[in-house]
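# Coordinates in review
Each chain, written out:
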Amino acid sequence: MTIYQRTRRDAKKAGRELKRGDRFYITQSVARNLAPYEDSKLYSEYTVTGTHPLLGGAMVGGQSVEGIVLRDGPITTSPPKGMRNVATPGPQVSGPLGNDDYEGFLDEAELRGLEKHVVQASDPRKRRLNRSRRP
């Protein structure tokens with residue numbers, strides 16, 4: 001496993017050493033306020049697709065590997081252990097919903113809420129019009 005740190009020296013070294021078809025991995029932190037059920041750290045996988053036609057450095061699509069190292073580094077040549085790839089599905093938060101044969105008793109507050117929805121939906125003055133029907 002090779003680690004290229006976020007320095008100019010390592011960025012140039014990665015651009016020289018990585019060849020077409022090589023894979024490298026970047027660890028990313030996840031904002032917990034935006035994704036509370038997501039893992040705190042994930043990794044992204046990149047594959048070198050070619051070389052720069054003029055400068056000769058390794059490229060991933062239209063981005064140079066040097067730029068990726070300097071912007072998102074450090075990068076590693078093997079996937080981090082114990083982390084999930086960004087491209088894989090996230091953890092399941094709740095159990096399966098099952099079939100629609102739910103039988104349960106509704107309390108008074110739930111019944112009043114349902115009645116309120118029925119009344120508001122049937123009153124044309126309280127209903128919102130579609131955008132196409134608005135004047």
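Presented here is a report on the structure given in the accompanying data block. Please read these numbers as outputs of a predicted model, since none were measured by experiment.

Turning our eyes to something else, we now look at the overall build of the chain. Within the chain, the regular secondary structure consists of three helices and eight strands. If you list the helices and strands of the chain from N to C, you get β-α-β-β-β-β-β-α-β-β-α. Considering the chain as a whole, with its 135 residues, one finds that 20% of them fall into the buried category. Across the chain, contacts joining residues at least 24 apart in sequence account for 59% of those joining residues at least 6 apart.

Attention shifts here to the packing of aromatic side chains. This model, assessed by the stated rule, comprises two aromatic pairs. Residues phenylalanine 24 and tyrosine 46 carry aromatic rings whose centres are separated by 5.5 Å and whose planes lie at 15° to one another, so their mutual orientation is stacked. Remark: tyrosine 46 occurs in strand β3 (residues 41-47) and phenylalanine 24 occurs in strand β2 (residues 23-29); sequence separation between them is 22 residues. When its relative accessible area of 0% is taken as the criterion, phenylalanine 24 is described as buried. Measuring from ring centre to ring centre gives 5.7 Å for tyrosine 25 and tyrosine 43, while their planes differ by 75°; the resulting arrangement is edge-to-face. In this pair, tyrosine 25 sits in strand β2 while tyrosine 43 sits in strand β3, placing the two residues 18 residues apart along the sequence. Of the residues examined, tyrosine 25 reaches a relative accessible area of 9% and is grouped as buried.

What follows concerns helix α2 (residues 65-72). Within α2 the residues assigned to the buried category are Val65, Ile68 and Val69. One face of α2 carries all of its buried residues, which in axial projection span an arc of 100°. Considering only its buried residues, α2 is in contact with β1 (3-4), α1 (8-17), β2, β5 (58-60), β6 (63-64) and β7 (75-76).

The sheet built from three strands is open, its strands ordered β4-β5-β6 with antiparallel pairing. The open sheet has two free edges, formed respectively by β4 (50-51) and β6, since each of these has just one partner strand. The pairing of β5 with β6 spans two bridges and is classified as antiparallel. Looking at the pairing, methionine 59 lines up with serine 64 of β6.

Cut-off values and rules
- The residue numbers shown here count from 1 along each chain, following its written sequence.
- Predicted model: local features are reported for residues with pLDDT of at least 70 only, side-chain atom pairs are reported and counted for 80 or more only, and whole-chain, interface and lining totals are derived from all residues.
- For the side-chain quantities, the full set of heavy atoms in the structure was used; hydrogens and water were omitted.
- Numbering goes from the N terminus for both helices and strands, where a helix is a DSSP run of H or I of at least four residues and a strand is a run of E of at least two.
- Type-normalised accessible area, obtained with a 1.4 Å probe on protein chains alone, sets the label of each residue: buried when under 20%, exposed when over 50%, and partly exposed for intermediate values.
- Residue contacts are defined here by distance: any two heavy atoms, one from each residue, within 4.5 Å place the two residues in contact.
- Classification of ring pairs rests on two measures: the distance between centres of Phe, Tyr or Trp rings, Trp counted by its six-membered ring, which must be within 6.5 Å, and the angle between planes, read as stacked under 30 degrees, edge-to-face over 60 and tilted in between.
- Our arc is simply the arc of the directions from the helix axis toward the C-beta atoms.
- Note on pairing: two strands pair once DSSP finds at least 2 bridges between them.

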